[in-house]
Amino acid sequence: MQTFIGILLGGSFLAFLEFLIQRYDKKHDRFAEIKKSIEELRKDIGRIDAKGDRREAENRRVRILRFEDELQEERRHSKDSFDQVMNDITEYNQYCAKHPEFKNEQTVATASHITSVYHERLERHDFL
């Protein structure tokens, strides 16, 4: 009888261990899936951020080029407008420095001209 009880207890213990191992494996699999999902979300967020940064750089480029067009048309601007476009130029140049694959040929001369006009107006106190 003791042998039977020993076998029964031993078998029960082994079944319990098997249950714990399977439970651990299932949890481990779930944690692995959750970790993988989080990593995929992280990558997606990174791509979205990169697209947003690129879009903002493109918007800055448009504002810079438009401002230059207005200067070429001899339209006068306030100091605040110049300050804003100067900020756009700074931020745009920083983006371009960090992203050499981003085409920048369109604004190099434009930004230089806007900057020189800005300094001229500062010297002459000649803002709108």
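It should be emphasised that the depicted structure is a prediction, and the values quoted were computed from it without experimental measurement.

By the secondary structure assignment, Leu71 is in helix α1 (residues 2–72). Each C-alpha atom, one on Leu71 and one on Val117, is 8.8 Å from the other, the two residues being 46 residues apart in sequence. Excluding residues within four positions of it along the chain, Leu71 makes contact with His77, Phe82, His113, Ile114 and Val117.

Take the packing of helix α2 (residues 79–98) against helix α3 (residues 108–124) next. Following both chains from N to C, one finds α2 and α3 inclined at 145°, their axes separated by 11 Å at the closest point. Crossing handedness for the pair α2 and α3: left-handed. The residues of α3 that touch α2, namely those facing Lys79, Phe82, Asp83, Val85, Met86 and Ile89, are Ala111, Ile114, Thr115, Val117, Tyr118, Arg121 and Leu122. Across the contact of α2 with α3, the residue classes tally to nine nonpolar, one polar and three charged.

Taken as a whole and judged by the stated rule, the model has 11 salt bridges. In this structure, the salt-bridge partner of Asp88 is Arg60, at a minimum N-O distance of 2.7 Å. With a gap of 28 residues between them, Asp88 in helix α2 and Arg60 in helix α1 connect regions that are remote in the sequence. Grouping residues by exposure puts Asp88 and Arg60 together as buried. Linking Lys79 and Asp83 is a salt bridge whose minimum nitrogen-to-oxygen distance equals 3.0 Å. Note that Lys79 and Asp83 are positioned in helix α2 at a spacing of four residues, about one turn of the helix.

All right, on to the side chain of Arg60 then. Classification of Arg60 by relative accessible area gives buried; the value is 14%. Apart from the residues lying within four places of it in its own chain, the contact partners of Arg60 are Asn87, Asp88, Glu91 and Tyr92.

With the rule as written, the count across this model stands at six aromatic pairs. Residues Phe82 and Tyr118 carry aromatic rings whose centres are separated by 5.8 Å and whose planes lie at 40° to one another, so their mutual orientation is tilted. Within this pair, whereas Phe82 is found in helix α2, its partner Tyr118 is found in helix α3, the two being separated by 36 residues in sequence. A relative accessible area of 11% means that Tyr118 is categorised as buried.

For the protein, the mean per-residue pLDDT works out to 82, and 80% of the residues sit at or above 70. Mean pLDDT across the elements of the protein bottoms out in α1 (76) and peaks in α2 (94).

Definitions and cut-offs
Residues numbered from 1 in each chain as written. Predicted model: local features only at pLDDT ≥ 70, side-chain atom pairs only at ≥ 80, totals over all residues. Heavy atoms only, no water. Helix = DSSP H or I, 4+ residues; strand = E, 2+ residues; numbered from the N terminus. Contact = heavy atoms within 4.5 Å. Axes fitted to C-alpha atoms, helices over the stretch in contact; angles between N-to-C directions. Left-handed = near helix turned anticlockwise from the far one by under 90°. Nonpolar A, V, L, I, M, F, W, Y, C, P; charged D, E, K, R; others polar. Salt bridge = Lys/Arg side-chain N within 4 Å of Asp/Glu carboxyl O. Buried < 20%, exposed > 50% of the residue type's maximum accessible area, 1.4 Å probe, protein only. Phe/Tyr/Trp six-rings, centres within 6.5 Å; stacked < 30°, edge-to-face > 60°. pLDDT = per-residue confidence, 0-100.

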